[in-house]
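# Observations on the three-dimensional arrangement
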Amino acid sequence: MADGVREYLQYLVVERGLAANTVESYRRDLRRYADHLAARGKTRLGDVRTADVAAFLAALREGDEDHQPLAVSSAGRAVVAVRGLHAFALAQGMCAGDPAHEVTPPAPPKRLPKAISVGAVERLLEAAGSTQDPDPRVLRDRALLEFLYGTGARISEAVGLDRRDLDLSADPAVLLSGKGGKQRFVPVGSYATRALEAYLVRGRPALAAGARRPGNAVFLNARGGRLTRQGAWGVLGEAANRCGQEGVSPHTLRHSFATHLLDGGADIRVVQELLGHASVTTTQVYTLVTVDKLREVYAAAHPRASAN
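Summarised in this report is the structure supplied together with it. Per-chain numbering applies: the sequence of each chain, read as written, is numbered from 1 onward. For this predicted model, a pLDDT threshold of at least 70 governs which residues receive local features, and a threshold of 80 or more governs which side-chain atom pairs are given and counted, while totals over whole chains, interfaces and linings are taken from all residues. The side-chain figures draw on all heavy atoms in the structure; neither hydrogens nor water molecules are used.

### A few points about the overall build of the protein chain
Definition in use: Helix numbering and strand numbering both begin at the N terminus, where a helix is a DSSP run of H or I of at least 4 residues and a strand a DSSP run of E of at least 2. For this measure, only C-alpha atoms enter the radius of gyration; the expected value for a globule follows 2.2 Å times N^0.38, where N is the number of residues. Residue contacts are counted whenever heavy atoms from the two residues lie within 4.5 Å of one another. Residue exposure ignores everything except the shown protein chains as possible cover, and the areas themselves are Shrake-Rupley values with a 1.4 Å probe.
The helix and strand inventory of the protein chain stands at 14 helices and three strands. Whereas a compact globule of 308 residues would reach a radius of gyration of roughly 19 Å, the protein chain reaches 27 Å, over 25% beyond that. On the principal axes, the C-alpha backbone points of the protein chain span a range of 75 × 70 × 35 Å. Sequence-distant contacts, at least 24 apart, represent 57% of the contacts inside the protein chain between residues at least 6 apart. Accessible surface computed for the protein chain: about 17100 Å², of which carbon and sulfur atoms make up 50%.

### Remarks on the environment of Ala 211
Among the structural elements, Ala 211 can be located in the loop between α8 (190-208) and α9 (229-242). A sequence separation of 12 residues divides Ala 211 from Arg 223, and the C-alpha atoms of the two residues are 5.8 Å apart. Once residues lying within four places of it in the same chain are set aside, the contact partners of Ala 211 are Arg 223 and Gly 224.

### Focus: the environment of Gly 189
If you trace the backbone, Gly 189 turns up in the loop between β3 (183-187) and α8. Distance in space between the C-alpha atoms of Gly 189 and Pro 172 is 7.5 Å, their sequence separation being 17 residues.

### Quick notes on the pairing of strand β2 (residues 173-177)
Heads up, the condition is: Whether a residue is buried, partly exposed or exposed follows from its accessible area with a 1.4 Å probe, protein chains only, as a fraction of its type maximum: under 20%, in between, or over 50%, in that order. When DSSP finds at least two bridges between two strands, those strands are taken to pair.
Burial runs high along β2: four of the five residues are buried. Sheet topology note: the strand β1 (residues 166-167)/β2 ladder contains two bridges and is antiparallel. Looking across to β2, one finds that Leu 166 is bridged to Val 174. Counting the residues that bridge the hairpin from β1 to β2 gives five residues. Taken together, the five bridges between β2 and β3 define a ladder with antiparallel strand orientation. Paired with Leu 176 across the strands is Arg 184, a residue of β3.

### Some points on the packing of aromatic side chains
Aromatic ring pairs are described here by two measures, namely the spacing of the ring centres and the angle between the planes. Short version of the rule: Two aromatic rings, drawn from Phe, Tyr or Trp (for Trp, its six-membered ring), form a pair once their centres lie within 6.5 Å of each other, and the interplanar angle then sorts them: stacked below 30 degrees, edge-to-face above 60, tilted otherwise.
The tally for this structure, following the rule as stated, stands at six aromatic pairs. A ring pair is formed by Tyr 8 and Tyr 11, whose centres lie 6.3 Å apart and whose planes are at 25 degrees; its orientation type is stacked. On the criterion of helical spacing, the pair formed by Tyr 8 and Tyr 11 is a turn pair, its members being three residues apart in helix α1 (residues 2-14). Given the relative accessible area of 4%, Tyr 8 is considered buried. Three or more aromatic residues link up through ring pairs in this structure, and these residues are Tyr 8, Tyr 11 and Phe 88.

### Description of α9
Defined as follows: Helix span, expected: 1.5 Å multiplied by one less than the number of residues in the helix. The directions from the helix axis to the C-beta atoms form the arc being described.
Under the 1.5 Å per step criterion, the end-to-end length of α9 is 20 Å for 14 residues, consistent within 8% with the ideal 20 Å. Within the sequence span of α9, burial applies to Ala 232, Val 235, Leu 236, Ala 239 and Ala 240. Projected down its long axis, α9 shows its buried positions confined to an angular sector of 130 degrees, all on one face. Residues of α9 that are exposed and angled more than 90 degrees away from the buried face: Gln 230, Asn 241 and Arg 242. Within two residues after α9, Gly 244 carries a phi angle of roughly 75 degrees, on the positive side.

### Quick look at the side chain of Asp 141
Here Asp 141 lies in helix α6 (residues 136-151). A relative accessible area of 8% places Asp 141 in the buried class. Those residues in contact with Asp 141 that sit more than four places away from it in its chain are Ala 128 and Val 235.

Read these as geometric descriptors, not functional statements.
Here it is in structure tokens:
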């Protein structure tokens, strides 16, 4: 076991070029693994079975007299080190099989999408500026944020939008090109429509005047070129700073779009189509965000929900 671990760590340094801190972390993990196996009477790599590896993972998560329970990320790193060791030993002919192949690192807890309240969204949009402002960049900024929240578009879809894809006639809609080149039509709400009209009529022409060869992009930068993802991030960041909101990203508006639709009673499959998710399973994570809303409705509506 000790020889196998030593050769594996040398391989990580020489062949893989891993950072010294990473290798040292692997060394500690594998030392604990070797101690775990020794306590089970296993001192050779060839003697290890899948049950031994699975028991090691369980011990990492549960802890013992000498070790605190490890977080999912730390336990996952240790399992990766163990899987790497056994795969290396098999490739080098040190053993006949790989007992760690079937033991996967623990999955990290599913992070709920970050959404903000309707009031918080309204304050953020107001902080971007007024649709009556004469500054073309202010008109652009308000239109961009209204568009992100009003359509649930990804930031890449917004900055990649061309004028031909946007129809603000009697039935406003936008053609968005999402992941994998998949396209979808999404309605554009009245607030976003008004902000876009103000920008397209009074803001975009002024920005386009500074370009040598004006393109077809809807959202332009100060030089008349297509607004970049970084530029759009900057627009949102400035608005968030002005209204005192921290941790807001373009995806926050997308998450809020979905959450507020579900809170308003929208069918999850409709929200799936609006977001451009290939599977409704992806959209279902938003239903977890609205549990508090469900509790409120239940408490207010069910005749046996309250003791009063």
